[in-house]
Amino acid sequence: MLRYEAVGETRVAFAAAHGALLAQASAILKACTLPIIVHDHVRAGVLGTATLLQGEGGPVLLTASHLFDHGVRLGNLLLPTAAGHGLVPLAGALLTRCKGADIALLRLADDRAARALVAGRGMVPALRRRGERHARSRRRKGAVLVSGFPAAMSRFERGWLAARRFTVLTHSTVAQPGACGTDRWFEFGRTAWRDDGAAVHTPELEGMSGAGIWMLETGASAPRLRLGAVQSAYMHGRYLRGHDIGAAADLFAD
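Notes on the structure in this doc start here. Because the structure is a prediction, the values reported are computed rather than measured.

Criteria and thresholds
Residues numbered from 1 in each chain as written. Predicted model: local features only at pLDDT ≥ 70, side-chain atom pairs only at ≥ 80, totals over all residues. Heavy atoms only, no water. Salt bridge = Lys/Arg side-chain N within 4 Å of Asp/Glu carboxyl O. Buried < 20%, exposed > 50% of the residue type's maximum accessible area, 1.4 Å probe, protein only. Helix = DSSP H or I, 4+ residues; strand = E, 2+ residues; numbered from the N terminus. Contact = heavy atoms within 4.5 Å. Phe/Tyr/Trp six-rings, centres within 6.5 Å; stacked < 30°, edge-to-face > 60°.

Glancing now at the pattern of salt bridges. Tallying each qualifying case throughout the model produces seven salt bridges. The closest approach of N and O atoms between Glu157 and Arg155, which form a salt bridge, is 2.7 Å. Taking the shortest distance from any N to any O, the salt bridge between Asp196 and Arg194 comes out at 2.8 Å. Assessed through its relative accessible area of 51%, Asp196 is described here as exposed. Using a relative accessible area of 34% as the deciding quantity, one classes Arg194 as partly exposed. One network of salt bridges, in which partners are shared, links Glu9, Arg11, Arg165 and Asp195.

Next up, the structure:
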């Protein structure tokens, strides 16, 4: 039987002296950021990352559409519960793909599985209403937070899969050639600063596909995060790319 263990988090930024801000903002995402685990009854690994959201009809999972290409079966996919080492199967879930962007939505068909998944977790609304603003908040220009589970920071051994969350504070960068209207581009260098001030090498990002890209706003008390895009691709040392969440608004219509 497969068991899962969360083994902490690595937080980095592409500018020094962001330790306290990065820790505060990352803590907000801990409950709603999940690894999508693929398991063939012999081995297991991290396929991608999903964001648990509160939809009008119940909990939904936002991720990247390309994760389900090439014959990937929902029956081989699992999500971890908030407590212990339990896993929730995605067998029978309803998968809806966005036509204009690399974004997909999953709705759990099994009520027991849905309850097990949300128990002990905090969820954020699926989409914020247009024009909504937070009082006394200001957006850090171009600053975003991306959090997920790189396969390079996971390990499978003797029926246990251990995975470490990776959170990066980055910022917008110039569009690459061939960009489309839904593309959003952000810096992803090979060296970053950990929140304790140490310079570290960044990992490869396979397994981060589907992670939420959150626009960072700061106010008088604590940082606020607004879901802006879904991570889709990257080139190590140059950029990570996401697709704007606005392109997937129709996915949330019940």
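Turning our eyes to something else, we now look at the side chain of Thr81. Positionally, Thr81 belongs in the loop between β5 (77-80) and β6 (87-89). Thr81 sits in the buried class, given a relative accessible area of 17%. In this structure Thr81 touches Gly86, Leu87, Val88, Ala116 and Arg121, once residues within four positions along its chain are discounted.

Moving on: the packing of aromatic side chains. Using the criterion set out here, one finds three aromatic pairs in the structure. Ring centres 6.0 Å apart and planes at 90° place the aromatic pair Phe14 and Phe188 in the edge-to-face group. One end of the pair, Phe14, is in the loop between β1 (3-13) and α1 (19-29); the other, Phe188, is in the loop between β13 (183-187) and β14 (191-194), with 174 residues separating them in the sequence. Each member of the pair Phe14 and Phe188 is classed as buried. Ring geometry for Phe188 versus Tyr234: centroids 6.2 Å apart, planes at 90°, classification edge-to-face. Highlighted residues: Phe188 in the loop between β13 and β14 and Tyr234 in strand β17 (residues 224-235), separated in sequence by 46 residues. Clustering of aromatic rings is evident, with ring pairs tying together Phe14, Phe188 and Tyr234.

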